[in-house]
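# Residue-level structural notes
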Amino acid sequence: MSRVFSKEQREAAALISDTNESDLHADHIIPHAKGGETVVENCQLLSPEINNKKSDTILPLRSWQADFIEVWNSRDTGRPFLLVAIPGGGKTVSALTAARNWMAAGSDRRVIVVVPTTNLKDQWKTEAVDFGIQLQTDEFGTNFKHGFQGCAVTYAGVASSPLVFRKLCAVSPVLVIFDEIHHCGDNATYGRGVKEAFTLAKEFLLLSGTPWKTNGDPIPFVRYDGDGFCVADFRYDYPSAIQDEVVRWLTFHFGMGSITAESSGHTDEFNLGITEDEASKLLRKFLNPTGEYVRETIRKAHAKLMECRKTLPHAGAMAACIDKHHADKVARVITEETGCVPLIVVSDSEIGTGTVKEFRSGRTEWLVSVRQVSEGTDIKRLQVLCYLTNWVTELFFRQLIGRVSRKITDAEDHEAHVYLPSDPRLDAFRKNIENAQVQAISQTQIPEPQERKEREQKELFDDFYSTE
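Residues numbered from 1 in each chain as written. Predicted model: local features only at pLDDT ≥ 70, side-chain atom pairs only at ≥ 80, totals over all residues. Heavy atoms only, no water.

### Some details on the overall build of the protein chain
- Scanning the protein chain from N- to C-terminus turns up 16 helices and 17 strands.
- Counting only residues that meet the buried cut, the protein chain has 53% of its 468 residues in that class. (Helix = DSSP H or I, 4+ residues; strand = E, 2+ residues; numbered from the N terminus. Buried < 20%, exposed > 50% of the residue type's maximum accessible area, 1.4 Å probe, protein only.)

### Considerations on the pairing of strand E15 (residues 366-369)
- Alternating residues of E15 divide into Trp366 and Val368 and Leu367 and Ser369, and every residue in both groups is buried.
- Sheet topology places strand E13 (residues 316-320) next to E15; 4 bridges connect them, and they run parallel. The residue of E15 that forms the bridge with alanine 317 is tryptophan 366.
- Bridge count for strand E14 (residues 343-345) against E15 is 3 bridges, and the pairing is parallel. Directly across from isoleucine 344, in E15, lies its bridge partner valine 368. (Pairing = 2+ DSSP bridges.)

### Some details on the packing of aromatic side chains
- According to the stated counting rule, one finds 19 aromatic pairs in the structure shown.
- With 6.5 Å between their ring centres and 35° between their planes, phenylalanine 68 and tryptophan 72 make a pair best called tilted. Of the two residues, phenylalanine 68 and tryptophan 72 both sit in helix H3 (residues 63-73), 4 residues apart, roughly one turn of that helix.
- Overall, the relative accessible area of 1% leaves tryptophan 72 in the buried class. (Phe/Tyr/Trp six-rings, centres within 6.5 Å; stacked < 30°, edge-to-face > 60°.)

### Let's talk about helix H11 (residues 292-311)
- Taking 1.5 Å of rise per residue, the 20 residues of H11 would be expected to cover 28 Å, and the 30 Å separating its terminal C-alpha atoms lies within 8% of that figure.
- Within H11, the full set of buried residues consists of Tyr293, Val294, Thr297, Ile298, Ala301, His302, Lys304, Leu305, Cys308 and Arg309. (Expected span 1.5 Å × (residues − 1).)

### Details of the environment of alanine 301
- The residue alanine 301 is located in helix H11 in this model.
- As a C-alpha pair, alanine 301 and cysteine 386 span 85 residues in sequence and 7.2 Å in three-dimensional space.
- With sequence-adjacent residues up to four places away left out, alanine 301 is seen in contact with Trp366, Val384, Cys386 and Tyr419. (Contact = heavy atoms within 4.5 Å.)

### Some thoughts on the sheet that holds strand E10 (residues 249-255)
- Read from one edge to the other, the open sheet built from 6 strands follows the order E10-E17-E16-E13-E15-E14, with strand pairing classed as parallel. Either end of the sheet is taken by a strand with one partner, and the two such strands are E10 and E14. Direction aside, the axes of adjacent strands within the sheet are offset by 20° on average.
- As paired elements, E10 and strand E17 (residues 415-421) share 7 bridges and run parallel to each other. Each bridged residue has a counterpart across the sheet, and for tryptophan 249 the counterpart in E17 is glutamate 415.
- Across the sheet, helix H12 (residues 324-338) is in contact with E13, E14 and E15; its angle to E15 comes to roughly 160°. (Axes fitted to C-alpha atoms, helices over the stretch in contact; angles between N-to-C directions.)

### Structural notes on the pattern of salt bridges
- Counted according to the given criterion, the structure contains 18 salt bridges.
- Of the charged contacts, one joins glutamate 337 and arginine 295 as a salt bridge, the two residues approaching to 2.9 Å between their closest N and O atoms. Here arginine 295 lies in helix H11 and glutamate 337 lies in helix H12, a separation of 42 residues in the sequence.
- Its relative accessible area of 28% is what places glutamate 337 among the partly exposed residues.
- A salt bridge links lysine 304 to glutamate 307; the nearest nitrogen and oxygen atoms lie 3.5 Å apart. (Salt bridge = Lys/Arg side-chain N within 4 Å of Asp/Glu carboxyl O.)

Shown next as structure tokens:
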């Protein structure tokens, strides 16, 4: 069979997708080299730039991703589908594979990806190219731009213009991918915005790196059980990811010390023996960059980073900070203690000295961040984390340590290191992770009945998120 689309096929694809086919390249959605047929339903029109970047290679799926695709393909169409997979497990590849397969069934089909941050919007746009999908990220109108198969937008962007995206869902069959869907619970306007914007969408794929419990304000398109926990249609947990060597083994290092008030001279100890209330009152003071704890932690973390670089020469470290002012001061400490000038990435770019993209592709030793790199961002060379923020929830904790758990394929970087203040709340979260690691080791290689496996996964989930 010819691999060249006919003039009639090109014109049909252009008519359905509302594009000018003379300006674009006709491309196989499923590559011809991989068995894709030269038929109109397998035809997509791409800009020359994107088509030249697109590879004939179909990215190989991990075992769990292939299982997910099988479950996704057998879903009840039109019913929101929630995928909960460990940070670094490969949710983006899974979702883009599902999107490509879904779009292959109709040339007029489109995909909209909704994300928490601008950085993730750009990341999705870049990764979608490998799947033959070009996502626009700005200038949204009453239809998709010529040559684009969809768009990527932030939750804030949807909330500010919900009717624009409602219109896009009205003119084309749309699959909406909600990345880190729990962010709709961060701001009530986000939830109202996505509900108004995407009611007319044909399919919904919800993604999260961490299961969560509702705070009483349900997130649109999410199902909850009787205890208020989100109900996942497919789950890939931490023990499974360790067994599959998808993520690194996490080693935790706790630091303790004392805080002396200048006015009274009173000294408070900060260690794992204090109460949670005491930790809540003292943690921000303990994380003051002028104190010895931050300096000592940076010194220890940098020494560990240098060890990691003997195996992975471009390994990096990240300091997660409270706010941009705190980040600026921590960056100065890093320079003073290590001689390295870190890149700074904060939500407000006022003091930013670099970007996530620059750090990801570079060899700079240190990255200082507030929350912009707290979740979803894929920087696999990060192998050391300094937890210097007073944001203490299990959801945030697991998302943040997920930044260093992502393993580089075929690299000898099996271990990551997390430096924590001796806060009893963080210690409880740490124990949950270590229990999961022990479980991964103790599980036998003998296949278990599916019912037993699902029961054990639910028990682990309940242990992680006990309300007691």
